[in-house]
Amino acid sequence: MKKRWLFTRLGVVGALIAGSLVAATPPAQSIEASLSAAASPTWQTNASVQGIAVAAGKAYVGGRFTSVRPPGAAPGTGEVGQAYLAAFDATTGDLITSFTPVLNGQVYAVAASADGSRIFVGGDFTNVNGVTRNRIAAFDTATGALVTNWKPSVSYRVKTISVSGGTVYFGGSFGLVNNIERLRLAAVTADLGTLLPFAPAVNGDVYAVDVADDGSKVYAGGQFSTVNGTNQNTVTSLDPVSGGVLPFPGASAVPPPNGSCTTRVKAIDASGGTVYFGNGGDGGGCFDGTWAVDIATNTLKWKNQCLGATEAVKVVNGWLYKGSHAHDCANQGAGGFPQGFGYRFLLTENLTDGSLGPWFPNTNAGPPTEVGPLALATGGDDLWVGGDFTTTNGVGQQGLTRFTNATPGAAPAKPAKLLPYSVESGVVQIHFPTVVDNDDSTLTYRLLKGFSNTTIATWTAKSNPWDRPWLHFTDTTSAPGEVTNYRVEVTDGTTTIRGNYSDPITVASTASTAYDQIVNADGPQAYWRLGEPAGTTASVDSSGQSNNGTFTGVTLGSTGAIAGNTAMTTSTTSGRMVGEKAYSMPQQFTVEAWVKQSGFNRGGRIIGFGSSKTGSSATGGDRMLYMRTNGSIVYGVNDGAQRTLTSPTGKNDGQWHHVVGSYDNGAMKLYVDGVLSGSATVGAASLYYGWWRVGYDNTNNWPGGGAPQTGMGIDEAAVYPYALSPAQVQAHFEAR
């Protein structure tokens, strides 16, 4: 009888997650972040929103738009003419039809007084309601009327406004206020608009200004290099009365410009004792992320280096929300998703360290700026988002959207239909991926058995859109020959979603000797048997996870490692099969295959991970098994350096050999023909988005890589989302 392995029996609250015990985690809750990821109904605009303020129960919105329309209305339908500035009910999102100001130019900035009695708007306009208002104006929120005795005259665009007590600070591209020199930053009184002595001289445009809650410091950011003749790289801290430059060691977070990269501060939000900044850069790899400074000392607290310019930041109920077009939050310690996963235009960050939080709604980006969200505002328990987007969470919603803390929040996704296997008498093995809830990363899962839906296992596990660990369970409660089924239930503490029942499974009475059944019982994420007939171009994923692949440069139909199934042979130097699904930087995995190669000086890449779906991967990829010209098997993982484990030589002897590489958060192991051939503890595997590939990739830069691989036979290739145990590896080898 073939040797078989068995999971350790686990209780109803303990099970394996990606190969290790589930750590104690807080219970699931409906909204783990402070806001639901489900957008609340809100009127839309027909073009970009660039500034928002919430005051007196209304959201005042300014931008490029010339009309607004109800939620759900397609562009051009239900349009109500209202150019550049509009107001919406802060509770319902409905248009305030009594507020109908007439401006002759677009609005960039909207800010409210602390008591909510006035809003101040800035932009390109020179006329409001038929009277002169040069680029800045004030409105009474009770009546909606233009404030007649508040009329500073600004010579050019006002881009940003912040109100502190009785003072209105503003910045932009101007050089004069009331015909008196004010170089891109100025301050006036909130009551009469009287020009104040605050007069820093800034040599470039100001994009953002905000004031510490205690009024002790003014912070300004933009595209400038000096303030008052002193070097100030895109950001400055100023005396609120004189405009004098204050010591600002935390500004070192912004790297100096160089020939390929210019970074500027585009957003500022002071909240409590901390001020938060958002940066945007031009050029590859520029600093586009967020950073936080202690207001009392002006020293840096943390820095998050997500790539993709940050346009807006706002603190709401203990989280920092940001609007950006983030596309790489994995590298430079950013702690999130890798390049290639896609754009996340809305994110939240932990106030203590800047790490990404559990909030994953999304917009798109539209013309003319093509960046997504541009402005954020809050009334305390909500977040208003304005920008150039045309969709929110995949549904048409242009220019303006909002999120509240109303329960139940977003629901968890529906769990996958289970694929249980029974290959040991009285034993059923179950493996399945976790799901995503867009405002709660910690979810509770229950494994239900039979049509009675009896709970036999419970997990609390964390997941997010780019990292969905798998859960594993071994059920030993069924009698041999019993027919049963299973399903998974997931809850966020408020909403519970059940997956479909599995197909009925007959519990084994004797141990199976079928190789494919034994492999599938161990829960592969992809399993390519490579037994398609000659001439086939598509490889079927036998795991049930639908990761089919495409053959190029291979011959099919040769005798395989497993009786009754054929294998693929690389007929060209670049013969391969690439799975169609991409994955984000797996940190727990196993790669497995059978390989046959003949002749000294012949070898090649067997299976691994790569950054290209069609061509060669950068640096040849990693997480791979390959054969050197001397016939040794190498397992390689890149943690910033190429870490390899190497077997004894001679495996290019024309015989089939079983090769396995496993990795579990730094613990890497190489097995050849069922025996451990090497192990090491290394760092995190490379943080990129890629594809599992069988056969060729460019290994020339890897130790002993680059061996000619024409004529290499590969069979029964599999990838698992956790590290196989030595017993599992041995069982697979002996099942041949």
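Conventions we followed
- Residues numbered from 1 in each chain as written.
- Predicted model: local features only at pLDDT ≥ 70, side-chain atom pairs only at ≥ 80, totals over all residues.
- Heavy atoms only, no water.
- Helix = DSSP H or I, 4+ residues; strand = E, 2+ residues; numbered from the N terminus.
- Buried < 20%, exposed > 50% of the residue type's maximum accessible area, 1.4 Å probe, protein only.
- Areas by Shrake-Rupley, 256 points an atom, 1.4 Å probe, with all protein chains shown as cover.
- Lys, Arg positive; Asp, Glu negative; His and termini not counted.
- Charge placed at Lys NZ, Arg CZ, Asp CG, Glu CD.
- Pairing = 2+ DSSP bridges.
- Axes fitted to C-alpha atoms, helices over the stretch in contact; angles between N-to-C directions.
- Polar contact = N/O pair within 3.5 Å; in protein donor to acceptor, adjacent residues only side chain to side chain.
- Disulfide = S-S within 2.5 Å.
- Core = buried A, V, L, I, M, F, W, Y, C linked by side-chain atoms within 4.5 Å.
- Contact = heavy atoms within 4.5 Å.
- Salt bridge = Lys/Arg side-chain N within 4 Å of Asp/Glu carboxyl O.
- pLDDT = per-residue confidence, 0-100.
- Phe/Tyr/Trp six-rings, centres within 6.5 Å; stacked < 30°, edge-to-face > 60°.
- Lys NZ or Arg CZ within 6 Å of the ring centre and 35° of its normal.

Trainee: I would appreciate a short explanation of the overall build of the chain in the present structure.
Mentor: Along the chain, the regular secondary structure elements total two helices and 61 strands. Within the chain, buried positions represent 58% of all 736 residues. For the chain, the accessible surface area stands at approximately 25500 Å², while carbon and sulfur atoms represent 51% of it. Across the chain, the centroid of the 46 positively charged side chains sits 4 Å from that of the 51 negatively charged ones.

Trainee: When you look at the sheet that holds strand β39 (residues 442-449) in this model, what are you seeing that I'm missing?
Mentor: Adjacent strands of a sheet pair through backbone hydrogen bonds, lying either parallel or antiparallel. Reading across from one edge, β40-β39-β43-β44 is the order of the four strands in this open sheet, with antiparallel pairing throughout. The open sheet is flanked by β40 (454-462) and β44 (496-498), the only strands paired with a single partner. If you compare each strand with its neighbour and ignore which way they point, the axes differ by 20° on average.

Trainee: What's the story with the sheet that holds strand β14 (residues 136-140) in this structure? I'm lost.
Mentor: Strand order in the open sheet formed by three strands is β10-β11-β14, and the pairing between neighbours is antiparallel. Strands at the two margins of the open sheet, each flanked by one partner only, are β10 (107-112) and β14. Each adjacent strand pair in this sheet contributes to an overall mean axis angle of 20°, direction not counted. Summarising the sheet, strand β11 (residues 118-123) and β14 pair through five bridges and their orientation is antiparallel. Of the residues in β14, the one forming a bridge with isoleucine 119 is phenylalanine 139.

Trainee: Just to check I follow, could you spell out the environment of threonine 352 for this structure?
Mentor: Mapped onto the fold, threonine 352 is located in the loop between β31 (344-350) and β32 (373-377). Judged by its relative accessible area of 63%, threonine 352 is exposed. Sequence separation between threonine 352 and lysine 301 is 51 residues, and the spatial gap between their C-alpha atoms is 8.1 Å. Polar contacts involving the side chain of threonine 352 include one to the side chain of asparagine 350, which spans 2.5 Å.

Trainee: Hey, could you run me through the state of the cysteines in this one?
Mentor: Among covalent bonds in proteins, the disulfide is the one between the sulfur atoms of two cysteines. With the rule as written, the count across this model stands at two disulfides. Each disulfide pairs two cysteine sulfurs, and for cysteine 261 the partner residue is cysteine 286, the sulfurs being separated by 1.8 Å. Within this pair, whereas cysteine 261 is found in the loop between β24 (235-238) and β25 (262-271), its partner cysteine 286 is found in the loop between β26 (274-282) and β27 (290-294), the two being separated by 25 residues in sequence. The burial state of cysteine 261 is the same as that of cysteine 286; both residues are buried. Here cysteine 306 engages in a disulfide with cysteine 329; their sulfurs sit 2.0 Å apart. The chirality of the disulfide connecting cysteine 306 with cysteine 329 is right-handed, given an S-S dihedral of about 125°. Of this pair, cysteine 306 sits in the loop between β28 (299-304) and β29 (310-316) while cysteine 329 sits in the loop between β30 (319-326) and β31, and the two are 23 residues apart along the sequence. Judged by its relative accessible area of 0%, cysteine 329 is buried.

Trainee: I keep staring at the nonpolar core and nothing clicks. Help me out?
Mentor: The nonpolar side chains of a soluble globular protein tend to be buried, and buried together. In terms of nonpolar packing, the biggest core is built from 36 residues, with Ile606 and Tyr635 touching the most fellow members. Here this core takes four residues from strand β52 (residues 588-596), the largest share from any one element.

Trainee: What should I look at first to understand the environment of glycine 122 in this one?
Mentor: Structurally, glycine 122 can be placed in strand β11. When the C-alpha positions of glycine 122 and valine 154 are compared, they lie 9.5 Å apart, and in sequence the two are 32 residues distant. With sequence-adjacent residues up to four places away left out, glycine 122 is seen in contact with Val107, Tyr108, Ala109, Arg135, Ile136, Val158 and Ile161.

Trainee: I would appreciate a short explanation of unusual backbone geometry in the present structure.
Mentor: Generally, phi is negative for residues other than glycine and the peptide bonds are trans, each holding for most cases. In this model, proline 367 is joined to proline 368 through a cis peptide bond whose omega is 0°. Summarising the element assignment, proline 368 is placed in the loop between β31 and β32. A cis amide bond links threonine 407 to the next residue, proline 408, at an omega of 10°. With respect to the element layout, proline 408 can be found in the loop between β36 (400-404) and β37 (421-424). Phi is positive for aspartate 673, which is not a glycine, with a value near 55°.

Trainee: When you look at the pattern of salt bridges in this model, what are you seeing that I'm missing?
Mentor: Close approach of charged atoms allows side chains with opposite charge to pair. Per the stated rule, a full pass over the model turns up 16 salt bridges. Among the salt bridges present, the one from glutamate 716 reaches arginine 529, with a minimum N-O distance of 2.9 Å. Taken together, the positions of glutamate 716 in strand β61 (residues 713-720) and arginine 529 in the loop between β46 (526-528) and β47 (538-539) put the pair 187 residues apart, joining distant regions of the chain. Here the two residues glutamate 716 and arginine 529 agree in accessibility, since each one is buried. Members of the salt-bridge network, linked through shared partners, are Arg446, Glu489 and Arg498.

Trainee: Is there a simple way to think about the pairing of β36 in this case?
Mentor: On a regular strand, each side chain points to the face opposite its neighbour's, so the side chains alternate between the two faces of the sheet. In terms of residue burial, β36 counts as a mostly covered element, since five of its five residues are buried. Burial of the side chains of β36 extends over both faces: Leu400, Arg402 and Thr404 are buried on one face and Thr401 and Phe403 on the other. As defined by bridge partners, strand β33 (residues 382-387) adjoins β36 across five bridges and the pair is classed as antiparallel. Among the inter-strand pairings, valine 385 is bridged to a residue of β36, identified as threonine 401.

Trainee: Can you help me understand the confidence of the model for the chain in this one?
Mentor: In low-pLDDT regions, the fine details of the predicted coordinates are not to be read closely. When pLDDT is averaged across the chain, the result is 94; 96% of the residues are at 70 or more. Below pLDDT 50 for its whole length, residues 1-23 participates in 71 contacts with residues either more than four positions away or in separate chains.

Trainee: I'm lost on the side chain of serine 502 in this one. Help?
Mentor: Here serine 502 lies in the loop between β44 and β45 (505-506). Not counting chain neighbours up to four residues away, the residues in contact with serine 502 comprise Lys417, Leu418, Pro420, Asn485 and Tyr486.

Trainee: Honestly, the environment of isoleucine 606 in this entry has me stumped. Any pointers?
Mentor: Along the chain, the position of isoleucine 606 falls in strand β53 (residues 604-610). Classification of isoleucine 606 by relative accessible area gives buried; the value is 0%. Sequence separation of isoleucine 606 and isoleucine 633 is 27 residues, and the distance between their C-alpha atoms is 9.4 Å. The contact partners of isoleucine 606, leaving out residues within four places of it in the chain, are Ala593, Val595, Leu625, Tyr626, Met627, Ile633, Val659, Arg693, Val694, Gly695, Met712 and Ile714.

Trainee: So what exactly am I meant to see when it comes to the packing of aromatic side chains here?
Mentor: Two aromatic rings, taken as a pair, are described by how far apart their centres are and by the angle between their planes. Across all of its chains, the model carries 31 aromatic pairs by this definition. A centroid spacing of 5.4 Å and a plane angle of 85° characterise the contact between phenylalanine 432 and tryptophan 459, whose relative ring orientation is edge-to-face. With phenylalanine 432 in strand β38 (residues 427-433) and tryptophan 459 in strand β40, the pair connects residues that are 27 residues apart, well separated along the chain. Owing to a relative accessible area of 2%, tryptophan 459 belongs among the buried residues under this scheme. Geometrically, the ring pair formed by phenylalanine 609 and tyrosine 688 is tilted, given 5.1 Å between the ring centres and 35° between the ring planes. Here the residue phenylalanine 609 occupies a position in strand β53, and tyrosine 688 occupies one in the loop between β59 (675-681) and β60 (689-695), the gap between them amounting to 79 residues. Here phenylalanine 609 falls in the buried class, since its relative accessible area comes to 0%. For tyrosine 688, a relative accessible area of 16% puts it in the buried group. Aromatic ring contacts, followed pair by pair, group Phe337, Phe341, Phe360, Trp466, Tyr689 and Trp691 into a single cluster. When the ring centre of tyrosine 501 is taken as reference, the NZ or CZ atom of arginine 487 above it lies at 4.0 Å.

Trainee: I keep staring at the pairing of β30 and nothing clicks. Help me out?
Mentor: Burial runs high along β30: eight of the eight residues are buried. Of the two faces of β30, the one lined by Trp319, Tyr321, Gly323 and His325 and the one lined by Leu320, Lys322, Ser324 and Ala326 are each fully buried. As paired elements, β29 and β30 share six bridges and run antiparallel to each other. The residue bridging lysine 314 from the neighbouring strand is tyrosine 321, located in β30. In this structure, the hairpin formed by β29 and β30 is closed by a connection of two residues, where asparagine 317 is found at a positive phi of approximately 50°. As paired strands, β30 and β31 are joined by six bridges and run antiparallel to one another. Within β31, the position partnered with alanine 326 by the bridge is arginine 344.

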